[in-house]
Amino acid sequence: MSPTNLVPAPLVAECRAGSPGCLSLDERTTVDARPGAEGVARRLRAMLGPATGLPLADGSGPHSILLRASADVEREYGPEGYRLSTDRSAEDVAVLVEGGSAAGVFWGVQTLRQLLGPDAFRRAPVARGRDWVLPLVTVEDRPRFSWRGMMLDVARHFLPKDDVLRQLDLLAAHKLNVFHFHLTDDQGWRIEIERYPKLTEVGAWRARTKHGHRASPLWDDRPHGGYYTHDDIREIVAYAAERHITVVPEIDIPGHSQAAIAAYPELGNTDVVDTASLTVWDNWGVSPNVLAPGDTTLRFYEGVLEEVLGLFPSVFVHIGGDECPKDQWKESPAAQARIKELGLADEDELQSWFIRHFDRWLADRGRRLIGWDEILEGGLAPGAAVSSWRGYQGGIAAAEAGHDVVMCPEQQVYLDHRQAAGDDEPMPIGYVRTLEDVYRFEPLPPSLGPEAAAHVLGTQANVWTEVMQDRSRVDYQVFPRLAAFAEVAWSALPAPAERDFAGFERRMETHYARLDALGVDYRPPGGPRPWQRRPAPAGMTGSLGRPIEGAPPNV
Ligand code: ACM
């Protein structure tokens, strides 16, 4: 197998001149983990042991896979970089994986797994006694960005814990290192907060769910819900950490909060709405029911965040800040009094005050706030970072003002959007974004000067789950596009127009076999498989989906 089938593409992969042939892993193969790399050795065994059936015992020597951190590699390729070489003639070691840190060693082991062929991704051996052959190569590699993320919305549709763990494995296999966990929204609250039990007793459940786009006439009348306990969250965070993935929790405020208000009506604008009669929302879109900008709300969310900080070690904590309609604040005497008391100009500044409060609160506890680009409106809190989703503009403005930025423009990397124009896409919504479109996505707008560009921490793909009811629907929307996205985030690709998409497609032939071995229900290049079409229920004509309003004409 050619090492050029690696996804994401490495910086350098060379078949060693003058050493044709290959190297096999077999019963004699051992794993030699040097200090700091023991955790990576555990992962290597856990990944390759079941697939190969090999013992992969501890031990050094000519048949060993040596794993170690190296100051040299760190100097040359950074903490997440690695150097991997396979050498049949070496006397002391068969495979050497050196990383700039344990994370680099871990990404090198992911490459090693790809070099062994798609069967190395299975959960059990397909045949005993087969050869596990490695090409004789040297790979030198490092990521382009330090933030290579995926956001998963578990509020619109709850994903059981085991499916979240599996998603973390899939991120790791693609060298992605940030899992942005969208835990709260109008349609559900998904994290246990011990001091506020109704957030999950009430807020985690909805009576019914809109089926398809919000314009669809269909309802799923089954109650829907679920949440993660503190122990579930600890397990998810620890599982991610073993894979060198940081989990960034999102508690969305002050909009997208109807589920919380349904649980605790005093959080809403009680002087303009009967919040006691609100339920967890059953439709899609942007709810007008937003948090009241008063002390009750501030103290409540400080309590929520205290528990969140106890569970998530991530420096960044996402507080949402997107799509907060200001109508209730305009009508609310209490909100208007607050604007006056604080000497603010308008409701945008009130939102800004709200976000600044939590920016300071998090900073006092050694954390950093990140929010969607609406947090720029009314003035950005010092130290805050921005997830630029409405396009590049918010990210550009934030980076030029010296704020850190994660680029995730909806026109490019919202993986809920359809991946082809055909009618047989299941529940097609939004922009058409093909595999090639994602491959040609460029996180750094060319207009950014070097100083501002240095504030772009990286990029993430966002997975909103209004039309993804379960794991297989998530698989379909996410793959194969996440593989293209991972290459954009990791690899040193040329400018979008010069990218070798045909070459990527050729490498993807091998990568599809890896995804098959992993049991991923991806969209094949030729279009959905019969069960993926999910035809509309009897009586419906056309697709369930409708374009997002205001989208360009290709929807
Ligand atoms: C968003 O898509 N509302 C961040």
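Worth saying up front: this structure is predicted, and the values here are computed from it rather than measured.

So, how was this worked out
- Residues numbered from 1 in each chain as written.
- Predicted model: local features only at pLDDT ≥ 70, side-chain atom pairs only at ≥ 80, totals over all residues.
- Heavy atoms only, no water.
- Helix = DSSP H or I, 4+ residues; strand = E, 2+ residues; numbered from the N terminus.
- Rg over C-alpha atoms; globule rule 2.2 N^0.38 Å.
- Buried < 20%, exposed > 50% of the residue type's maximum accessible area, 1.4 Å probe, protein only.
- Lys, Arg positive; Asp, Glu negative; His and termini not counted.
- Charge placed at Lys NZ, Arg CZ, Asp CG, Glu CD.
- Pairing = 2+ DSSP bridges.
- Contact = heavy atoms within 4.5 Å.
- Axes fitted to C-alpha atoms, helices over the stretch in contact; angles between N-to-C directions.
- Salt bridge = Lys/Arg side-chain N within 4 Å of Asp/Glu carboxyl O.
- Disulfide = S-S within 2.5 Å.
- Polar contact = N/O pair within 3.5 Å; in protein donor to acceptor, adjacent residues only side chain to side chain.
- Core = buried A, V, L, I, M, F, W, Y, C linked by side-chain atoms within 4.5 Å.
- Phe/Tyr/Trp six-rings, centres within 6.5 Å; stacked < 30°, edge-to-face > 60°.
- pLDDT = per-residue confidence, 0-100.
- Expected span 1.5 Å × (residues − 1).

Undergrad: Let's hear about the overall build of the protein chain: which residues, and what values?
TA: Regarding its fold elements, the protein chain presents 19 helices and 23 strands. At 24 Å, the protein chain has a C-alpha radius of gyration in line with the 24 Å of a compact globule built from 555 residues. Across its three principal axes, the protein chain shows a C-alpha extent of roughly 80 × 55 × 45 Å. Burial analysis of the protein chain (555 residues in total) assigns 60% to the buried set. The average position of the 58 basic charges and that of the 79 acidic charges among the side chains of the protein chain differ by 4 Å.

Undergrad: Go over the sheet that holds strand S3 (residues 30–33), please, and point to the residues and values.
TA: On the basis of which strands lie adjacent, the open sheet formed by seven strands has the order S1-S9-S6-S7-S5-S3-S4 and mixed pairing. The sheet terminates laterally at strand S1 (12–15) and strand S4 (57–58), the two strands that pair on one side only. With five bridges connecting them, strand S6 (residues 82–86) and strand S7 (residues 95–99) associate as antiparallel partners. Residue pairing across strands places Leu 84 opposite Val 97, the latter belonging to S7. Each of S3, S4 and strand S5 (64–69) is contacted by helix H1 (residues 38–52), which is oriented at about 160 degrees to S3, the strand it contacts most.

Undergrad: Residues and numbers for the pattern of salt bridges, please.
TA: Across all of its chains, the model carries 40 salt bridges by this definition. Across the pair Arg 338 and Asp 295 runs a salt bridge, and its minimum N-O distance is 3.0 Å. Linking Arg 338 in helix H10 (residues 333–342) with Asp 295 in helix H8 (residues 295–311), this pair joins segments that are 43 residues apart in sequence. Classification of Arg 338 as buried rests on a relative accessible area of 11%. Between Arg 390 and Glu 377 there is a salt bridge, and its shortest N-O distance comes to 3.1 Å. Placement of Arg 390 in the loop between strand S21 (385–388) and helix H12 (393–400) and of Glu 377 in the loop between strand S20 (368–372) and S21 is noted, with a sequence separation of 13 residues between them.

Undergrad: I'd like to hear about the pairing of S20, residue by residue, with values.
TA: Within S20, four of the five residues are buried, which leaves it mostly tucked inside the rest of the structure. The sheet contact formed by strand S19 (residues 316–320) and S20 spans three bridges and is parallel. Paired with His 318 across the bridge in S20 is Ile 370. With three bridges joining them, S20 and S21 adopt parallel strand pairing. Residue pairing for S21: Gly 371 is matched across the bridge by Val 386.

Undergrad: How would you sum up the state of the cysteines? Please name residues and give values.
TA: Scanning all chains against the criterion turns up zero disulfides. This cysteine, Cys 324, is not joined by any disulfide, and Cys 408 carries the nearest cysteine sulfur, 19 Å off. Residue class for Cys 408 comes out buried when judged on its relative accessible area of 0%.

Undergrad: Kindly report on the sheet that holds strand S23 (residues 456–463), identifying the contributing residues and their values.
TA: The eight strands are arranged S10-S11-S18-S19-S20-S21-S22-S23 in a closed barrel whose pairing can be described as parallel. Direction aside, neighbouring strands of the sheet carry axes that sit 30 degrees apart on average. Packing of helix H4 (residues 161–173) onto the sheet brings it into contact with strand S10 (147–153) and strand S11 (178–182), and relative to S11 it is tilted by some 150 degrees.

Undergrad: Mind laying out the side chain of Ser 491, listing which residues take part and the relevant values?
TA: For Ser 491, the location among the structural elements is in the loop between helix H17 (481–490) and helix H18 (501–518). Reaching out from Ser 491, the side chain makes a polar contact with the backbone oxygen of Ala 9 at a distance of 2.7 Å. Ignoring sequence-local partners within four residues, the contact set of Ser 491 consists of Pro 8, Ala 9, Arg 144 and Ala 486.

Undergrad: An account of the nonpolar core is requested, with residue identities and associated values reported.
TA: Of all hydrophobic cores here, the largest spans 150 residues; its most connected members are Leu 67, Phe 181 and Tyr 301. If near-sequence neighbours (up to four positions away) are discounted, Phe 181 is found in contact with Leu 152, Val 154, Val 164, Tyr 228, Ile 233, Ile 236, Val 247, Val 248, Pro 249, Glu 250 and Phe 312. In this structure, Val 178, Val 248, Phe 316 and Leu 457 belong to the second largest nonpolar core, which totals eight residues.

Undergrad: Pulling in residues and values, what's your account of the packing of aromatic side chains?
TA: Tallied over the full model, the rule gives 21 aromatic pairs. Measuring from centroid to centroid gives 5.5 Å for Trp 147 and Phe 316, while their planes differ by 70 degrees, and the two rings are edge-to-face. Residue Trp 147 is located in strand S10, and its partner Phe 316 is located in strand S19; the two are separated by 169 residues in the primary sequence. Per residue, the accessibility class of Trp 147 equals that of Phe 316, and both read buried. Here the aromatic rings of Phe 501 and Phe 504 are separated by 6.2 Å at their centres, their planes lie at 35 degrees, and the arrangement is tilted. Within this pair, Phe 501 and its partner Phe 504 are both found in helix H18, separated by three residues, close to a single helical turn.

Undergrad: Any details on helix H16 (residues 471–478)? Residues and values, ideally.
TA: H16 sits mainly inside the fold: six of its eight residues count as buried. Along H16, the residues that are buried comprise Arg 473, Val 474, Asp 475, Tyr 476, Gln 477 and Val 478. Check the buried side of H16 and you find it contacts S10, H4, S23, H17 and helix H19 (530–533). Here H16 starts with a cap whose side-chain oxygen sits 3.2 Å from the backbone nitrogen of Ser 472, and that cap is Asp 470.

Undergrad: Could you give an account of the side chain of Thr 111, naming the residues involved and the relevant values?
TA: By secondary structure assignment, the location of Thr 111 is in helix H3 (residues 102–115). The buried category is assigned to Thr 111, whose relative accessible area is 0%. When near neighbours in sequence (up to four residues on either side) are disregarded, Thr 111 contacts Leu 6, Tyr 82, Leu 84, Val 139 and Lys 175.

Undergrad: Quick one: what's the story with the confidence of the model for the protein chain, residue by residue and with numbers?
TA: Low pLDDT means the predicted atomic positions in that stretch should not be read closely. In the predicted model, the protein chain carries a mean pLDDT of 94, and 95% of its residues have values of at least 70. Taken element by element, the predicted model of the protein chain shows its lowest mean pLDDT in strand S2 (residues 22–25) (87) and its highest in S11 (99).

Undergrad: Which residues make up H8, and what values go with them?
TA: Given a rise of 1.5 Å per residue, 17 residues ought to cover 24 Å, and the 25 Å separating the end C-alpha atoms of H8 matches this to within 8%. Judged by how many residues are buried, H8 sits mostly within the fold: 12 of 17 residues are covered. Those residues of H8 lying buried are Thr 297, Leu 298, Phe 300, Tyr 301, Glu 302, Gly 303, Val 304, Leu 305, Glu 307, Val 308, Leu 309 and Leu 311.

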